[in-house]
Amino acid sequence: MKPLDGVLVVSLEQAVAVPYATRLLADLGARVVKVERPGGGDFARHYDTACGEVSSYFAWTNVGKESLTLDLKQPSGREVLARLVDRADVVLCNLSPGAARRLGVDATTLRASRPTLVVGELSGYGAEGPYAGRKAFDALVQSEAGLVELTGDGPVTARAGISVADIAAGVQLHAAVLAALLQRARTGEGATLRLTLFDALAEWMHQPMLYAEGTGEAAPRTGAHHPSIAPYGPFTCSDGTVHLAVQNDGQWRRLCAVLKRTDLADDPRFTTVSLRVAHRPALHAELDVTRWRAEELLAALDAADVPAARTRSVAQLTEHPQVLARNRRATTTVPGGGITLLKPPVDSTAWSWDAAPVPAVGGDTERILAWLGYPERRIAEFRANAVV
């Protein structure tokens, strides 16, 4: 038995943030019914074609769900949705606030008749303020929250290589839903949960924000190197890259011994972390590891208790030696093919996890309609009228 067995989540979702939250709920046993538009469905299905007929984004965030297609512009489509919501424990939505109100799936409307319902609403910037009507996508939120300004090298800025605003929002929405279900079990009351992509990423920006407030300026962009610790970043070997993470003077001295540069340990430019940061270009010039093979250097650093790692390609992740040794891979089906994915990061002694399929658009529609009590004749009418 899984923790959320018997919990029905109905999600009017698209893109990444809410789908990621519901994917995490599905991992814990929730039945997640994803409501999609007839035809193309969630537009994130078509971001790329890396996973059979669906995108890598969609395959990642939709494992274990059921897909129901509904034309919510038609009264019959809204009728089906209402019948489905009547059975739900949780309703999540990242439609625009206006669209949610028009469809009657906003938290105020839903919980007026069912106060035990947990309803989560995600927006870009919230319903108030000068940004209330502005479009919000991951890269835009990274820009507004200051992440792009921090990321890059010297004068060159960059977005983070993954959709961190979406992921931050998905993780926090998932956690809030679990807390709301626990509170409902104790009190009988549901909850309205509201969050924004901007607030979700702003929470993750606390440390650089506090640094900027305390020093009067943002930390400088230093590429893959750390802005306030050195040597902390990638160094090129003869056949690859080793990422150093020397955080204190003891580790610094041990690194110098490994490299047979004990003269550097007491060099007045490098005796403390702050001095090493202040003299970073000179420090990097002295730390020449190009004669080393990456694995040999890493083995020597491990033996000397100097923190370091290989810089690897993400294309190698499913073949990472630690992934293989700990059996972290799984396989599942996607529309038009199959994929190798990674197991959820938390192992539990109380429940297990199996990789469930990624749904085809509308692939579960007729089964869900039958479960809702619609006879075959009515389902055929829905089909004929393009309601589903």
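A brief structural summary. (Residues numbered from 1 in each chain as written. Predicted model: local features only at pLDDT ≥ 70, side-chain atom pairs only at ≥ 80, totals over all residues. Heavy atoms only, no water.)

When helices and strands are counted, the protein chain shows 18 helices and 13 strands. Looking at the protein chain residue by residue over its 388 residues, the buried ones come to 43%. A fraction of 66% describes how many contacts in the protein chain between residues 6 or more apart in sequence connect residues 24 or more apart. Summing over all exposed atoms, the protein chain offers an accessible surface of approximately 19,200 Å²; the carbon and sulfur share of this is 54%. (Helix = DSSP H or I, 4+ residues; strand = E, 2+ residues; numbered from the N terminus. Buried < 20%, exposed > 50% of the residue type's maximum accessible area, 1.4 Å probe, protein only. Contact = heavy atoms within 4.5 Å. Areas by Shrake-Rupley, 256 points an atom, 1.4 Å probe, with all protein chains shown as cover.)

This next bit is on the sheet that holds strand 10 (residues 241–245). Strand order in the open sheet formed by 3 strands is 9-10-11, and the pairing between neighbours is antiparallel. Where the open sheet ends on each side, the last strands, each with one partner, are strand 9 (232–236) and strand 11 (308–310). The sheet shows a mean angle of 25 degrees between the axes of neighbouring strands, direction not considered. Alignment of strand 9 against strand 10, held across 5 bridges, turns out to be antiparallel. Paired with Gly 233 across the two strands is Leu 244, which belongs to strand 10. (Pairing = 2+ DSSP bridges. Axes fitted to C-alpha atoms, helices over the stretch in contact; angles between N-to-C directions.)

Further remarks concern the state of the cysteines. If you walk through the whole model with that rule in mind, you get 0 disulfides. The structure places no disulfide on Cys 237, whose sulfur is separated from the nearest cysteine sulfur, that of Cys 256, by 16 Å. The exposure class of Cys 237 is buried, given its relative accessible area of 5%. (Disulfide = S-S within 2.5 Å.)

Taken together, the 6 strands give an open sheet; going across it, the order is 3-2-1-4-5-8, and neighbouring strands pair in parallel fashion. Single-partner strands in this sheet number two, and they are strand 3 (66–69) and strand 8 (191–196). Taken over all neighbouring pairs, the strand axes of this sheet differ in orientation by 20 degrees on average, direction set aside. As judged from the 6 bridges shared by strand 5 (residues 118–123) and strand 8, these two strands associate in the parallel manner. Residue pairing across strands places Glu 121 opposite Arg 194, the latter belonging to strand 8.

We now examine the packing of aromatic side chains. Using the criterion set out here, one finds 7 aromatic pairs in the structure. Look at Phe 43 and Tyr 47: their rings are 6.0 Å apart centre to centre, the planes differ by 55 degrees, and that puts the pair in the tilted class. With centroids separated by 5.2 Å and ring planes inclined at 75 degrees, the aromatic side chains of Tyr 374 and Phe 382 adopt a geometry described as edge-to-face. Judged by relative accessible area, which is 4%, Tyr 374 ranks as buried. Members of the aromatic cluster, each reached through a chain of ring pairs, are Phe 43, Tyr 47 and Tyr 57. For Arg 87, the ring lying beneath its charged end belongs to Trp 371, and the centroid distance is 4.4 Å. The ring of Tyr 131 has Arg 134 sitting right over it, with the charged end atom 4.1 Å from the ring centre. (Phe/Tyr/Trp six-rings, centres within 6.5 Å; stacked < 30°, edge-to-face > 60°. Lys NZ or Arg CZ within 6 Å of the ring centre and 35° of its normal.)

The next point concerns the packing of helix 8 (residues 164–187) against helix 9 (residues 197–204). Where helix 8 contacts helix 9, the axes come no closer than 8 Å and their chain directions differ by 95 degrees. Considering their axes alone, helix 8 and helix 9 lie roughly perpendicular with respect to each other. On the side of helix 8, the interface is formed by Val 164, Ala 165, Asp 166, Ile 167, Ala 168, Ala 169 and Gln 172, while helix 9 contributes Leu 197, Ala 200, Leu 201, Glu 203 and Trp 204. For the contact of helix 8 with helix 9, a count of residues per class yields 9 nonpolar, 1 polar and 2 charged. (Parallel < 35°, antiparallel > 145°, perpendicular 65-115°, else oblique. Nonpolar A, V, L, I, M, F, W, Y, C, P; charged D, E, K, R; others polar.)

Here is the key point about a regular strand: its side chains alternate between the two faces of the sheet. Residues of strand 3 alternate between two faces, with Glu 66 and Leu 68 on one and Ser 67 and Thr 69 on the opposite face, all of them buried. Here strand 2 (residues 31–36) runs beside strand 3; their pairing, made up of 4 bridges, is parallel. By the bridge assignment, Val 33 is partnered in strand 3 with Glu 66. Once the chain exits strand 2 it traverses helix 2 (residues 56–61) before rejoining the sheet at strand 3, and the crossover so formed is right-handed. (Right-handed = clockwise from strand over helix to strand, strands pointing away.)

Now for the packing of helix 1 (residues 17–27) against helix 8. Two numbers describe how helix 1 lies on helix 8: the axes approach to 7 Å, and their chain directions differ by 45 degrees. With respect to helix 8, the axis of helix 1 lies oblique. For the pair helix 1 and helix 8, the sense of crossing is right-handed. Each of Ala 17, Val 18, Tyr 20, Ala 21, Leu 24 and Leu 25 in helix 1 lies in contact with helix 8, whose residues at this interface are Asp 166, Ile 167, Ala 169, Gly 170, Val 171, Leu 173, His 174, Val 177 and Leu 178. For the contact of helix 1 with helix 8, the class distribution of residues is 12 nonpolar, 2 polar and 1 charged. (Left-handed = near helix turned anticlockwise from the far one by under 90°.)

Before going further, it helps to examine the layout of surface pockets. Taken as a whole, the largest pocket encloses approximately 1,500 Å³ of empty space. Contributing to the lining of the largest pocket are 37 residues, with Arg 23, Trp 60, Leu 341, Leu 342 and Lys 343 lying nearest its centre. Secondary-structure elements contributing two or more residues to the lining of the largest pocket are helix 1, helix 2, helix 8, helix 16 (321–325) and strand 13 (337–342). What lines the second largest pocket is a set of 27 residues, among which Asn 94, Gly 124, Lys 135, Ala 136 and Phe 137 lie closest to the centre. The residue inventory of the lining of the second largest pocket, partitioned by class, reads 15 nonpolar, 8 polar and 4 charged. (1 Å grid on protein atoms, 1.4 Å probe; cavity = no way out; pocket = protein on both sides within 12 Å on 5 of 7 lines; lining within 4 Å. Points joined across faces, edges and corners; volume = space filled by probe spheres on them.)

With that settled, consider helix 3 (residues 75–86). A rise of 1.5 Å per residue sets the reference length of helix 3, with its 12 residues, at 16 Å; its end C-alpha atoms lie 16 Å apart and thus fit the reference within 8%. Every buried residue of helix 3 is accounted for by Gly 77, Val 80, Leu 81, Leu 84 and Val 85. End-on, the buried residues of helix 3 take up no more than an arc of 135 degrees, which puts them together on one face. Helix 3 presents Pro 75 and Asp 86 as exposed residues on the side facing more than 90 degrees away from its buried surface. (Expected span 1.5 Å × (residues − 1). Arc of directions from axis to C-beta.)

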